[in-house]
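Architecture at a glance
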Amino acid sequence: MKPSQRKHGRVLGRRTAVGGLLVAVAVLAASAAVAGADPKPKPSDPNEIWPQAHLAIATAPCDPAGPTGADATMAAQLNPQLHNKMAGYLDAYRMSCARMVVDAVRDRGLNPKAAAIAMATVIVETGIMNYSEAVDHDSLGLFQQRPSAGWCQPAQCIDPTYATNRFLDVMEQFYPNGSWNDAAIGDVAADVQRPAEQYRYRYGVEAGDAVIIANALWVGQSTRTYPYGAGRVVSARSADGRLETFAAGADGVYHSWQTAVNGNWSAWRFEGGPAKAQLAIAPNADGRLEVFALSGATAQHMWQTSPSGNWSSWETFGTGGYRLAAGANADGRIEVFASNANGVFHKWETSANTWSAWAGLGGPADARLAMESAKDGRLEVFALSDTGFRHLYQVAASGDWSAWEDFGGGGHDVAVSHNQDGRLEVFATGSAGVMHRWQTSETTWSAWTGTGGIANAELATARTADGRVEVFAINGSGAQHAWQQGVDSPYSAWETFGTDGTEIAAGNNADGRIEVFGTSAAGVYHKWQTGFSTWSDWAWLTGTAGPSMS
């Protein structure tokens, strides 16, 4: 990957039904206000609940566990981005309600546009408040559904998951065979809710803000935290939505971060730490990121001292090893895995900022490690050595670990991701190229299938804004990528993505666009989606080469 040999990994005509939808949604968001009779609703409009009036109406919790710290962080992040009714009014409670709506849409197997349609509806109907007191006749809940009209029983009306699915039931009756994908967000919402004709425009007015909230939840915080990839370069989003990237050079660890959400990058800052380390990054329960660095002789970690804030100095975390991976349990505690010549070990938070000792788990020696979260929140770990491949998993969310299971033969590198329906997808490379295995159910796996691709490559995965898995591979000869052609669907053929390199990693901007990081002896590059189906050229991450990554 040399600047003089950049290749434009642009994709032409590759995304049709669902892939093209996100571009359409973005256009709808930008133009939603012109679709109605009035470019902005007014607080004097009759029969509409405005956020400043919510204290007068009784509400029920949306998430039985209550709002989270991440809900509060995301609300603060999104408030300045909103333009209409909700601008400045998002809080942890409303964010928890929005999260439950988006999760219900996701769990149903629909896409982000469906989430935006539902979000526009609850913004108009209640200002994202789960009203347990009837507001208009016997209307209840986020969607103001009426028991007397057959929508739900009173308790069901104030169950966000049930209410969202009832809304979607009617949406799919009005718009069969996914035809709502081809209609304006505001029109679909109004057709389901059936307000008086003079009030239909309200849903279109809120469509832009609905897209912002729904997309942020779709690609950002959810009821589960999925692990980030590990390697010589790692990237994760801070609580405020900015990506933070770490690269392990020959003399220690370097750090760059986005100076604005979805924006440009800071200059590299040298952070010290182990030389030529393997890195992993994971979020703490309170939103602070934590970085782990492992070399042959030492293990260290450092962390943000506040969400999206400054970083601590390095502290000793162990005595060294080969590879590592990290992720958050369902209850928010971080779990770290590392391999060495004796097998695989793990260390976990016993409570916030308090760690267990390292504990041995057996397993393959000097294994490359990857971690992912199952649909029910259990962590699963994959360990690939030169001669074997094994797999273990939590027997319950945040719980104990299974015994190792055989998972295949040996190989060069491993990466894992998850489908929109929660099933895991595993990729491994060897001399024959890239192999692929996936869950056929939550407990069963396909056979290994060859996909072609380049041999003995380093791997990374990311998910597009509409929930499709995309895979990236790089070796000394070139870089390639392949992608699911639809949600939970088969993959495209491999396509050239650049020239040669030594490492690859991928992450998502706050708006869902994938950002890919490639390394070589010359430094650290990046390439990013300019839309949801087109890519930039490769360029230096910070405008300068940064650490050599031979």
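First, a word on what this report is: a plain description of the structure on this page. Here the structure is a predicted model, which means the values were calculated and not measured.

Cut-offs applied
Residues numbered from 1 in each chain as written. Predicted model: local features only at pLDDT ≥ 70, side-chain atom pairs only at ≥ 80, totals over all residues. Heavy atoms only, no water. Disulfide = S-S within 2.5 Å. Helix = DSSP H or I, 4+ residues; strand = E, 2+ residues; numbered from the N terminus. Buried < 20%, exposed > 50% of the residue type's maximum accessible area, 1.4 Å probe, protein only. Phe/Tyr/Trp six-rings, centres within 6.5 Å; stacked < 30°, edge-to-face > 60°. Axes fitted to C-alpha atoms, helices over the stretch in contact; angles between N-to-C directions. Left-handed = near helix turned anticlockwise from the far one by under 90°. Contact = heavy atoms within 4.5 Å. Nonpolar A, V, L, I, M, F, W, Y, C, P; charged D, E, K, R; others polar. Salt bridge = Lys/Arg side-chain N within 4 Å of Asp/Glu carboxyl O. Pairing = 2+ DSSP bridges. Core = buried A, V, L, I, M, F, W, Y, C linked by side-chain atoms within 4.5 Å. Parallel < 35°, antiparallel > 145°, perpendicular 65-115°, else oblique.

1. Observations regarding the state of the cysteines
Taken as a whole, this structure holds two disulfides when the rule is applied. Between the sulfur atoms of Cys62 and its disulfide partner Cys97 the distance amounts to 2.0 Å. The chirality of the disulfide connecting Cys62 with Cys97 is right-handed, given an S-S dihedral of about 90°. Of this pair, Cys62 sits in the loop between α1 (19-31) and α2 (69-78) while Cys97 sits in helix α3 (residues 92-107), placing them 35 residues apart in sequence. One disulfide in the model links Cys152 with Cys157; its S-S distance is 1.9 Å. What sets the handedness of the Cys152 and Cys157 disulfide is the S-S torsion sign, and at about 90° it is right-handed. A relative accessible area of 4% means that Cys152 is categorised as buried. Accessibility expressed as a relative area gives 1% for Cys157, which makes it buried. Shown here for the chain is a disulfide pattern of 1-2, 3-4, where each number marks a bonded cysteine counted in sequence order.

2. Here's the deal with the packing of aromatic side chains
Considering all chains together, one arrives at 21 aromatic pairs under this definition. Considering the side-chain rings of Phe407 and Trp445, the 4.9 Å spacing of their centres and the 90° angle between planes classify their relative orientation as edge-to-face. With Phe407 in strand β17 (residues 405-409) and Trp445 in the loop between β20 (433-438) and β21 (449-450), this residue pair connects regions lying 38 residues apart in the sequence. Considered together, Phe407 and Trp445 belong to a single accessibility category, that of buried residues. With 5.7 Å between their ring centres and 85° between their planes, Phe407 and Trp448 make a pair best called edge-to-face.

3. A word on the environment of Pro80
Secondary-structure assignment places Pro80 in the loop between α2 and α3. Sequence separation between Pro80 and Leu90 is ten residues, and the spatial gap between their C-alpha atoms is 9.9 Å.

4. Examining the packing of α3 against helix α4 (residues 112-126)
In a packed pair of helices, the relevant descriptors are the angle between the two axes and the axis-to-axis distance. In contact at an axis separation of 9 Å, α3 and α4 are set at 140° when each is read in the N-to-C sense. Between α3 and α4 the crossing geometry is right-handed. Along the contact surface, α3 presents Ala98, Val101, Val102 and Val105, while α4 presents Ala114, Ala115, Ala118 and Met119. Tallied by class, the residues present in the contact of α3 with α4 amount to eight nonpolar, no polar and no charged.

5. A closer look at the pattern of salt bridges
Two side chains with opposite charge may pair up if their charged atoms get near one another. The full count for this structure, using the stated rule, is 18 salt bridges. When the shortest N-O distance is used, the salt bridge between Arg99 and Asp63 registers 3.0 Å. With Arg99 in helix α3 and Asp63 in the loop between α1 and α2, the pair connects residues that are 36 residues apart, well separated along the chain. In this structure, Arg99 and Asp63 share a single accessibility class: buried. Shared partners join several salt bridges into a network, and the residues in it are Arg108, Arg166, Asp169 and Glu172.

6. Focus on the sheet that holds strand β22 (residues 458-463)
Strand order in this open sheet of four strands is β22-β23-β24-β25, and the pairing throughout is antiparallel. Looking at the sheet topology across the chains shown, the edges are occupied by β22 and β25 (495-498). Averaged over neighbouring strand pairs, the angle between their axes works out to 30° when direction is ignored. Judged from the six bridges that link them, β22 and strand β23 (residues 469-474) form a sheet pairing that is antiparallel. Bridging from a neighbouring strand, Leu459 pairs with Ala473 of β23.

7. Considering the nonpolar core
Note on soluble globular proteins: their nonpolar side chains tend to be buried together. Leu90, Met95, Met119, Ile128, Met171 and Ile213 are the most contacted members of the largest nonpolar core, which has 61 residues in total. Within the residue set of this core, elements represented by two or more residues are α2, α3, α4, α6 (160-174), α7 (185-193) and α9 (207-219). Residues within four places of Met119 in sequence aside, it is in contact with Ala98, Val101, Val102, Ile128, Ala210 and Ile213. Among the nonpolar cores identified, the runner-up in size contains 14 residues, and Ala248, Ile281, Leu289 and Trp311 belong to it.

8. Re the packing of α6 against α7
One can describe the packing of α6 onto α7 by two numbers: an axis separation of 9 Å at closest approach and a directional angle of 105°. Overall, the two elements α6 and α7 adopt an arrangement that is roughly perpendicular. Contacts between α6 and α7 involve Phe167, Val170, Met171 and Phe174 on the former and, on the latter, Val188, Ala189, Asp191, Val192 and Gln193. The class makeup of the residues in the contact of α6 with α7 is seven nonpolar, one polar and one charged.

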